[in-house]
Amino acid sequence: MDAQTPGSLFSLTEKDRQLLALLQANAREPTASLARKLGVSRSAVQERIARLEKAGVITGYSVRIDQDKLQQTINCFTMTSCTNKSYTDVMTSLRKMEAVQAVYAVSGETDFIIHLATHTLGELNAELTRINMIKGVAHTASHIVMETKFSRRLML
């Protein structure tokens, strides 16, 4: 498939995979350093990054924040079941909630896993109440994260 066609798949080379892994570890690493690690020229790395961005493989750059260094954050994963054909309405409501960090569509007994992040248990309780009041939400079961043992970036 053509990499420029919207919705098409993009074929990664081994160098692409290595470059993406390096960028995931440190997106601010200088191009010259990336080139040394990959055994290619600096201009080759710049061209490869531009190609990956243009193809939509690289969609942006972000900062990973260690929440333990800041004010305490309460993370919660809420398993959510919806009534028949209410997924679009539920998603529209969830997108409006700042505490919702991500929503995963899953197989199994529930329809979604919702990742919530708040600063207090009171805020979390209020957000869970809001979710349970969304028309189309049939059932929720919430699990508060006690400790993150480790976190990995996506596999390539």
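Residues numbered from 1 in each chain as written. Predicted model: local features only at pLDDT ≥ 70, side-chain atom pairs only at ≥ 80, totals over all residues. Heavy atoms only, no water.

Participant: So what about helix α3 (residues 42-54)? Which residues, and what values?
Facilitator: End to end, α3 covers 18 Å across 13 residues, agreeing with the expected 18 Å (1.5 Å per residue, within 8%). Those residues of α3 that fall on the buried side of the exposure criterion are Val45, Ile49 and Leu52. Buried positions in α3, seen along its axis, are confined to an arc of 65° and lie on one side of it. In α3, the exposed positions angled more than 90 degrees off the buried face are occupied by Glu47 and Lys54. Its buried side turned inward, α3 meets α1 (14-25) and α2 (31-38). Two residues or fewer past α3, glycine 56 is found with a positive phi of approximately 85°. (Helix = DSSP H or I, 4+ residues; strand = E, 2+ residues; numbered from the N terminus. Expected span 1.5 Å × (residues − 1). Buried < 20%, exposed > 50% of the residue type's maximum accessible area, 1.4 Å probe, protein only. Arc of directions from axis to C-beta. Contact = heavy atoms within 4.5 Å.)

Participant: I'd like to hear about the pairing of strand β3 (residues 112-118), residue by residue, with values.
Facilitator: Among the 7 residues in β3, 6 count as buried, and that is most of the element. Of the pairings in the sheet, the one linking strand β1 (residues 74-82) to β3 comprises 7 bridges and is antiparallel in character. By the bridge assignment for β3, cysteine 76 is matched with leucine 116. In this structure, strand β2 (residues 100-105) lies alongside β3, joined through 5 bridges in antiparallel fashion. (Pairing = 2+ DSSP bridges.)

Participant: Account for the pattern of salt bridges, naming residues and giving values.
Facilitator: Enumeration over the complete set of coordinates arrives at 5 salt bridges. Residue aspartate 16 pairs with arginine 48 through a salt bridge whose shortest N-O separation is 2.8 Å. With aspartate 16 in helix α1 and arginine 48 in helix α3, this pair connects stretches of sequence that are 32 residues apart. The buried category is assigned to aspartate 16, whose relative accessible area is 0%. In this structure, lysine 37 and glutamate 29 form a salt bridge, with 2.8 Å as the shortest nitrogen-oxygen distance. (Salt bridge = Lys/Arg side-chain N within 4 Å of Asp/Glu carboxyl O.)

Participant: Lay out the packing of α1 against α3 in plain terms, naming residues and giving numbers.
Facilitator: The contact between α1 and α3 brings their axes to 11 Å, and the two run at 85°. Here α1 is positioned roughly perpendicular relative to α3, judged by the angle of their axes. Note on element contacts: α3 touches α1 through Val45, Arg48, Ile49, Arg51 and Leu52, opposite Lys15, Asp16, Leu19, Leu20 and Leu23. Grouping the amino acids of the contact of α1 with α3 by side-chain chemistry returns 6 nonpolar, no polar and 4 charged. (Axes fitted to C-alpha atoms, helices over the stretch in contact; angles between N-to-C directions. Parallel < 35°, antiparallel > 145°, perpendicular 65-115°, else oblique. Nonpolar A, V, L, I, M, F, W, Y, C, P; charged D, E, K, R; others polar.)

Participant: Could you give me a rundown of the side chain of threonine 140, with the residues and numbers involved?
Facilitator: You can see threonine 140 is positioned in strand β4 (residues 137-144). Relative accessible area serves as the criterion here: at 17%, threonine 140 is assigned to the buried category. In terms of polar contacts, threonine 140 uses its side chain to reach the side chain of asparagine 132, at 2.9 Å. Setting aside its immediate chain neighbours within four residues, threonine 140 contacts Thr78, Met79, Thr80, Ile131 and Asn132. (Polar contact = N/O pair within 3.5 Å; in protein donor to acceptor, adjacent residues only side chain to side chain.)

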